[in-house]
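Spelled out from the first residue to the last, the chains are:
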Amino acid sequence: MGRELREVVYVDGVRTAFGRAGPKGIFWRTRADDMGVKVVRELLRRNPELPPERIDDVVLAATAQVGDQGLTLGRDVALLAGLPQSVPGFAVDRMCAGALTAVTAGAGEIAMGAAELVLAGGIEHMGHHPMGSDVDFNPRFVAERLVDTSAITMGATAENLHDRFPQLTKEDADAFAVQSQQRAAAAWSNGVMRETVVPMSVFTDDGWKQADRDEFLRPETSMEGLAELPTPFRAGGRVTAGNSAGLTDGATVCLLASEGAASELGFEPKMHLVSFAFAGVEPELMGIGPVPATRKVLEQTGLTLDDLGLFELNEPFAVQVLTWCDGMGVGPDDPRLNPYGGAIACGHPLAATGVRLLAQLAYGFRERPKVRYGLTALCVGMGMGAALVWENLAAGN
């Protein structure tokens, strides 16, 4: 029996502030699932026309699916947030592309007619669950040389990119990091982040505080300061704490809907999902993943890079963004690229990051009604890339 696929729209998305992972971070005494509860409740508050009982699924990602982010996270958070027991949920994992995979999974449900309204996002408490700490790597990876041992350490993969692309220097990476910090500082000062970041009351060693600002913001960052930082992944290397994203805690969620449900409930959706693609690359060069993923999604849509007016690319390492720029022919200072800064300034809580990219793209679309298409893309540990193309529903208005 044939069927017609339904169009999927992005209605709204929010995130917590992104906190420094570890005992000194603002979320150290906060449970991971409670961060998810906060963003779900805030999304419902911001969209009172959404009947909770109409939500068809809750899809949440986590890379470390253990401890306080270990149950079937979508169902866990749905119940804790007070959604009706009739609302199901599940968890997904594609490491850094977790939230984007939650979005594509939810979009698939809507496109197939299995759902009308889906909440999708991700949670990562890297303070409680450091990357790789609960993983038992199969010895065959090394014994049979299935992957290079450097693939296990993300910073080492970034150094590998510098090796593979020697034209991308440490000075280039530092310059991009300075730009990211400057653009993020401007975004916080002019209200961009206040529309997407949910303040959260949290208990700390110093009592109750408000987590309302990203903890890795350093607007004073300079080339001179970055030049003096050590290179922890390799002696004489090029990757530093200054041109990388910090280890971070945070949560994100967005509301996806079918066009029909959005119209019925009176939503004003911001974006339409055009297409998406995932791609695999050498695990030890995982940072190049967005290049083939971007090429793949453009081929699917028949669009060219010139058709895209905004790019929201994750910044786990500056050199990763530079490899995408090099591969796609985009200048690192292109105003279309990360106009509100990125993970170097705000942090990268792995599975949560994807929806941050969506929220910033949606804001950018609203501010640029002449832009019709935009891209959200990121690299993924163990050698993958993800790329989603979105259409601006405010275009031409």
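How would you summarise the packing of aromatic side chains if you had to cite specific residues and measurements?
This structure, assessed with the given rule, holds five aromatic pairs. Between the aromatic rings of Phe-311 and Trp-324, the centroid separation amounts to 5.2 Å while the plane-to-plane angle is 65 degrees, which identifies the pairing as edge-to-face. Here Trp-324 lies in helix H10 (residues 318-328) and Phe-311 lies in strand S11 (residues 308-313), a separation of 13 residues in the sequence. Phe-311 sits in the buried class, given a relative accessible area of 1%. Trp-324 sits in the buried class, given a relative accessible area of 0%. Over the ring of Phe-18 we find Arg-15, and its NZ or CZ is 4.3 Å from the ring centre. Stacked on the ring of Phe-278, the Lys or Arg Arg-94 has its end atom at 3.7 Å from the ring centre.

I'd like to hear about the pattern of salt bridges, residue by residue, with values.
Within this structure, the stated rule accounts for 19 salt bridges. The partner of Arg-6 in a salt bridge is Glu-116, and the shortest N-O contact between them spans 2.7 Å. Here the residue Arg-6 occupies a position in the segment before strand S1 (8-16), and Glu-116 occupies one in the loop between helix H3 (98-111) and strand S5 (117-125), the gap between them amounting to 110 residues. We classify Glu-116 as partly exposed; its relative accessible area is 28%. The partner of Arg-15 in a salt bridge is Asp-214, with the nearest N and O atoms 2.9 Å apart. A residue pair is termed long-range when its members are at least 10 positions apart, and Arg-15 in strand S1 and Asp-214 in the loop between strand S8 (207-211) and helix H7 (223-227) qualify at 199 residues. The exposure class assigned to Arg-15 is buried, which follows from its relative accessible area of 2%. In this structure Asp-214 comes out as buried when scored by relative accessible area, which is 4%.

So, how was this worked out
- Residues numbered from 1 in each chain as written.
- Predicted model: local features only at pLDDT ≥ 70, side-chain atom pairs only at ≥ 80, totals over all residues.
- Heavy atoms only, no water.
- Phe/Tyr/Trp six-rings, centres within 6.5 Å; stacked < 30°, edge-to-face > 60°.
- Helix = DSSP H or I, 4+ residues; strand = E, 2+ residues; numbered from the N terminus.
- Buried < 20%, exposed > 50% of the residue type's maximum accessible area, 1.4 Å probe, protein only.
- Lys NZ or Arg CZ within 6 Å of the ring centre and 35° of its normal.
- Salt bridge = Lys/Arg side-chain N within 4 Å of Asp/Glu carboxyl O.

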